[in-house]
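Residue-level structural notes
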Amino acid sequence: MSEHDHIVRLLPLAGTGDIAPDEIRRVQEHLASCTECRRVSEEYAFLGTTLRGLPTPQPSAELLAQVRVMVAPRLAQKQARNGDALVLAPLVAASWIVALATLPWVRAAGAWILTGWHLPGGSFAHALAIYSVLGFLLASVAALAVGRRASAIGRVQ
Amino acid sequence: MAPSRAGGDILAVQRGDPDAFDSLLSRYQNRLYRYLLRWVHEPATADDLFQQTWMRVLEHIHSYDPGRDFDAWLFAVARNIAIDHLRRRRPGSLDEPREDGQPLSAGLSSDAPGALELVLRSEQAELVQKALASQPPLFREILSLRFEEEMKLEEIAQVLGIPLGSVKSRLSRALEHLRAAFLRMQLEDGTP
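Counting restarts for each chain, with residues numbered from 1 along the sequence as it is written. Whichever chain is written first becomes A and whichever ligand is written first becomes 1, with later ones labelled in order. In view of the model being predicted, local features appear only for residues whose pLDDT reaches at least 70, and side-chain atom pairs are presented and counted only at 80 or more, with totals across whole chains, interfaces and linings using the full set of residues.

**Comments concerning the overall build of chain A**
By the criteria applied, helices consist of DSSP H or I runs no shorter than four residues and strands consist of E runs no shorter than two, each listed in order from the N terminus. Counting its regular elements, chain A contains six helices and zero strands. Each helix and strand of chain A, placed in order from N terminus to C terminus, yields the pattern α-α-α-α-α-α. Field definition: a residue is buried when 20 or more other C-beta atoms are found within 10 Å of its C-beta, exposed when 12 or fewer are, and partly exposed for counts in between, with C-beta atoms placed from the backbone. The buried share among the 157 residues of chain A stands at 17%. This entry defines residue contacts through backbone-placed C-beta atoms, with two residues in contact when those atoms are within 7 Å. Within chain A, contacts between residues separated by at least 24 positions form 55% of all contacts whose residues are at least 6 apart in sequence.

See the structure below:
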């Protein structure tokens, strides 16, 4: 391939600077002596400039309003999900804190029930039972919160 | 870079903030609409694809990594929607023209008057726009991304999901085709 043919292949991207610096130098050297390539290079430069200056079509106000209406339920859904996370995270954390902090009292209460009421089973079994009730109550609160969120989403949609 | 400018809005949209969505929409509405219009030409279709794009953005924004270039991510979403649309409507319409080994401007006299400066600027712009419209969608797309969106080749590679070398060769061929179409239209138009 001759130097001229090689440069012709480089010309489209030379104008945008999308070829290697040594190739740009090579193109510039060639352009200094080749009228035809200089003309083609000017045409590419012209096309690039014109493309950059083409008018930008704009979406209509109605279209933008439609988009806002369309996305509103989905945004509400995301907000609700985010709200769920905000509600549930403290609930889960609180349940752990309460459970760990009350462990000695729950065990003591289990022992008292066992010895005072003469019930069969160890204090651990009673502690477990009380914890189950506590867990059930916390889960109920969480479920209620999620249910309220879900119905809020339903109302938005 | 876009991540730093739109980053806060994107995080807020991930949480469902309508004001942040409005801000994102305002920031990208013109560029995105122009990009889609370059794909499909008809404003009514571009409107439809524009709506679909924003819906898709909301569906998938939770998976967007704020460290990435949002422009590239957004245009890739729009691109997939435009391609799906064109494939449904005209299978095979995305194909690039075949290379026959001949320079695209073959047949045009090399010493034809190169007096582009003699034509009025507005007429020239109109011809370039016509020449652009006559190109296959993949060429229109890459020309729009490079010159209208002023994206770097690396960003274009992200949007298109192809290697940098392929971006270069596609852009080069798109420019060759555009130039050939432009010169042809100039001759048909009777412009010197």
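**Observations regarding the overall build of chain B**
Looking only at helices and strands, one finds eight helices and zero strands in chain B. Sorting the 192 residues of chain B into buried and exposed places 36% on the buried side. Intrachain contacts of chain B at a sequence separation of at least 6 include 70% that bridge at least 24 residues.

**Let's talk about the domain arrangement of chain B**
All names here are of chain B. The start and end points of each domain follow an automatic or database-based domain assignment. The domains assigned to chain B are domain 1 (2-89) and domain 2 (116-189). Computed over C-alpha atoms only, the centres of domain 1 and domain 2 are separated by 23 Å. Facing the 13 residues of domain 1 at the interface are eleven residues of domain 2. Contributions of two or more residues to the side of domain 1 that touches domain 2 are made by α2 (18-40) and α4 (70-89). Per-element accounting of the side of domain 1 that touches domain 2 gives the leading share, six residues, to α4. Classes in brief: Ala, Val, Leu, Ile, Met, Phe, Trp, Tyr, Cys and Pro nonpolar; Asp, Glu, Lys and Arg charged; the others, Gly included, polar. Of the residues in the side of domain 1 that touches domain 2, the class split is six nonpolar, one polar and six charged.

**Observations concerning the environment of Val-159 of chain B**
Residue and element names in this part refer to chain B. Here Val-159 shows up in helix α7 (residues 153-160). Given 24 C-beta atoms within 10 Å, Val-159 falls into the buried group. Separated by 81 residues in sequence, Val-159 and Ala-78 place their C-alpha atoms 9.5 Å apart. Not counting residues up to four positions away in its chain, the partners in contact with Val-159 are Ala-72, Phe-75, Ala-76, Arg-79 and Leu-145.

**Regarding the environment of Ile-10 of chain B**
Residue and element names in this part refer to chain B. Position of Ile-10 among the secondary structure elements: in helix α1 (residues 2-14). According to the C-beta neighbour criterion, Ile-10 is buried, with 23 such atoms within 10 Å. Sequence spacing of Ile-10 and Arg-79 is 69 residues, and the spatial spacing of their C-alpha atoms is 20 Å. If we ignore the near neighbours within four places in the chain, the residues touching Ile-10 are Leu-24, Ile-61, Tyr-64, Pro-66 and Phe-70.

**Observations concerning the interface of chain B and chain A**
Quite often, the size of an interface is put as the accessible area lost when its parts meet. Opposite the 36 residues of chain B that make contact, chain A presents 33 residues. Residue assignment for the side of chain B that touches chain A shows that the elements contributing at least two residues are α2, α3 (43-60), α5 (121-133), α6 (137-148) and α8 (164-189) of chain B. Split into classes, the residues belonging to the side of chain B that touches chain A amount to 19 nonpolar, nine polar and eight charged.

**Some details on the confidence of the model for chain A**
Summing up the model confidence of chain A, the mean pLDDT is 81 and the portion of residues at 70 or higher is 85%. Confidence of the predictor at the level of single residues is given by pLDDT, which spans 0 to 100. Across chain A, element-level confidence peaks in helix α3 (residues 35-52) of chain A with a mean pLDDT of 93 and bottoms out in helix α6 (residues 123-156) of chain A with 69.

**Let's talk about helix α1 (residues 3-14) of chain A**
Listed as buried for α1 of chain A are Ile-7, Val-8, Leu-10, Leu-11, Pro-12, Leu-13 and Ala-14 of chain A. Tucked into the core, α1 of chain A has its buried residues touching α2 (21-31) and α3 of chain A together with α8 of chain B.

**A word on unusual backbone geometry**
Residue and element names in this part refer to chain B. Despite not being glycine, His-41 shows a phi value in the positive range, around 70 degrees. With respect to the helices and strands, His-41 occurs in the loop between α2 and α3. The class of His-41 is exposed, set by 12 C-beta atoms lying within 10 Å. Positive phi outside glycine occurs at Glu-150, with the angle close to 55 degrees.

**Digging into α2 of chain B**
All names here are of chain B. Given a helix with a known number of residues, its expected span is that number minus one, times 1.5 Å. Taking 1.5 Å per residue as the helical rise, α2 with its 23 residues ought to reach 33 Å, whereas the 29 Å between its terminal C-alpha atoms falls clearly short. Think of it this way: the bend at a residue is just the angle between two axes, each fitted to seven residues, one set ending at that residue and the other starting at it. Roughly 50 degrees is the biggest bend found in α2, and it falls at Tyr-28. Looking at α2, one finds that the buried residues are Phe-21, Leu-24, Tyr-28, Leu-32, Tyr-33, Tyr-35, Leu-36, Leu-37, Arg-38 and Trp-39. Immediately downstream of α2, the backbone of His-41 shows phi near 70 degrees, a positive value.

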